[in-house]
Amino acid sequence: MGQDQTKQQIEKGLQLYQSNQTEKALQVWMKVLEKSSDLMGRFRVLGCLVTAHSEMGRYKEMLKFAVVQIDTARELEDADFLLESYLNLARSNEKLCEFHKTISYCKTCLGLPGTRAGAQLGGQVSLSMGNAFLGLSVFQKALESFEKALRYAHNNDDAMLECRVCCSLGSFYAQVKESMKIALQHGDRPLQALCLLCFADIHRSRGDLETAFPRYDSAMSIMTEIGNRLGQVQALLGVAKCWVARKALDKALNVIERAQDLAEEVGNKLSQLKLHCLSESIYRSKGLQRELRAHVVRFHECVEETELYCGLCGESIGEKNSRLQALPCSHIFHLRCLQNNGTRSCPNCRRSSMKPGFV
């Protein structure tokens, strides 16, 4: 089957599918897959099969065709096709509740070099990642992913994506609400504070700042009561983002300054990095170059300070294919370095490592 005939058969399948003759459409597409030698056509028909099986709830079949599509994309040697096929693989695993795999494939999508399809598919990648984090009850990361997906939707006028993100945010809200109910029943103040933070972040992401502000205030009160300074930083960061959304940049900077003091007190580099990043965007919009440069410098210093290195070889920890070993004292090294070291005590603190296997 040549290129033109392949194209005609794909279109025939689409017409059947759109007229609700699903099984006939699948038969047409499967024949194309069996007989066509056109790689581009095969890739496209595999996408149709992935979508159709997804909508029918046949998620194992969806995964099967997504795997074949990855192989076809590699043969085509095109980054755009590779991005689309990895996204289909992520979605398939999401539907099968294989959330760790979903996150891994989404990260692969985000790590691909700049592609033409990135602007269109980036929001869908963030949405799938958010759904996976939500499935794992990692609420903060789920919300961050949903917010990224919403930004893609707004920037590209993608109403369908925005609708899907809002549906996911509804599920998110329901899960947090259930967690809040449990927290109130058991008098769990830390969990109450965390839920309030999540509620506030949801309202902020929806643009409902009037509701977000009091939720942040309530979370801040509980975090102060229980002495959770890192939680206070997170609440202040949310308040600062609300002021930025309202274009009240000076108020945002005042809140950021309070948050920076707390973040430095607890030595949390990641929070400092986020605050410097927000300050950088504010000073850039205000056109204040000296302050902008100062925060750019501090941002890069925080990036450097949060980098982890092996205490034996001095090389970066976390590189691909590098196995790590965590000792009972919590110090981490390359496994190969410990094996070559020959001692049974930690090279950093000299405590006995007792036995290997704490990876």
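Please read these numbers as outputs of a predicted model, since none were measured by experiment. (Residues numbered from 1 in each chain as written. Predicted model: local features only at pLDDT ≥ 70, side-chain atom pairs only at ≥ 80, totals over all residues. Heavy atoms only, no water.)

## Some points on the overall build of the protein chain
And then number 1: For the protein chain, the count of helices and strands is 16 helices and 2 strands.
And then number 2: Per-residue burial for the protein chain yields a buried fraction of 43% across its 359 residues.
And then number 3: Across the protein chain, the fraction of contacts at a sequence separation of at least 24, relative to all contacts at a separation of at least 6, is 49%.
And then number 4: Total accessible area on the protein chain stands at roughly 19600 Å², and carbon and sulfur atoms take up 50% of it. (Helix = DSSP H or I, 4+ residues; strand = E, 2+ residues; numbered from the N terminus. Buried < 20%, exposed > 50% of the residue type's maximum accessible area, 1.4 Å probe, protein only. Contact = heavy atoms within 4.5 Å. Areas by Shrake-Rupley, 256 points an atom, 1.4 Å probe, with all protein chains shown as cover.)

## Observations regarding the UniProt feature "repeat: TPR" (unreviewed entry) in the protein chain
And then number 1: UniProt marks residues 123-156 with the feature "repeat: TPR" (unreviewed entry), using the numbering shown here.
And then number 2: With 88% helix and 0% strand, residues 123-156 has its two end C-alpha atoms placed 9 Å apart. (UniProt positions renumbered as here; feature names shortened; annotations may be inferred.)

## Concerning the pattern of salt bridges
And then number 1: Under the criterion given, the structure shown has 15 salt bridges.
And then number 2: As a salt-bridge pair, Arg-229 and Glu-265 come within 3.2 Å of each other at their nearest N and O atoms. Residue Arg-229 is found in helix α12 (residues 229-245), and its partner Glu-265 is found in helix α13 (residues 249-266); the two are separated by 36 residues along the sequence.
And then number 3: Judged by relative accessible area, Glu-265 falls into the exposed class, the value being 51%.
And then number 4: Residues Arg-284 and Glu-280 are paired through a salt bridge, measuring 3.4 Å at the closest nitrogen-oxygen approach. One end of the pair, Arg-284, and the other, Glu-280, are both in helix α14 (residues 269-286), 4 residues apart, so they sit about a helical turn from each other.
And then number 5: Taking the relative accessible area as the measure of exposure, Arg-284 reaches 48% and is therefore partly exposed.
And then number 6: Counted as one network, the salt bridges with shared partners bring together Glu-147, Asp-201 and Arg-204. (Salt bridge = Lys/Arg side-chain N within 4 Å of Asp/Glu carboxyl O.)

## Concerning the packing of helix α8 (residues 139-155) against helix α10 (residues 189-205)
And then number 1: Taken N-terminus to C-terminus, the directions of α8 and α10 make an angle of 0°; their axes are 11 Å apart at the nearest point. Between α8 and α10, the angle is such that the two are roughly parallel. Across the interface between the two elements, Phe-139, Gln-140, Leu-143, Glu-147 and Leu-150 of α8 pack against Cys-198, Asp-201, Ile-202, Arg-204 and Ser-205 of α10.
And then number 2: Grouping the amino acids of the contact of α8 with α10 by side-chain chemistry returns 5 nonpolar, 2 polar and 3 charged. (Axes fitted to C-alpha atoms, helices over the stretch in contact; angles between N-to-C directions. Parallel < 35°, antiparallel > 145°, perpendicular 65-115°, else oblique. Nonpolar A, V, L, I, M, F, W, Y, C, P; charged D, E, K, R; others polar.)

## A few points about the environment of Lys-251
And then number 1: Residue placement: Lys-251 occurs in helix α13.
And then number 2: With a relative accessible area of 46%, Lys-251 lands in the partly exposed category.

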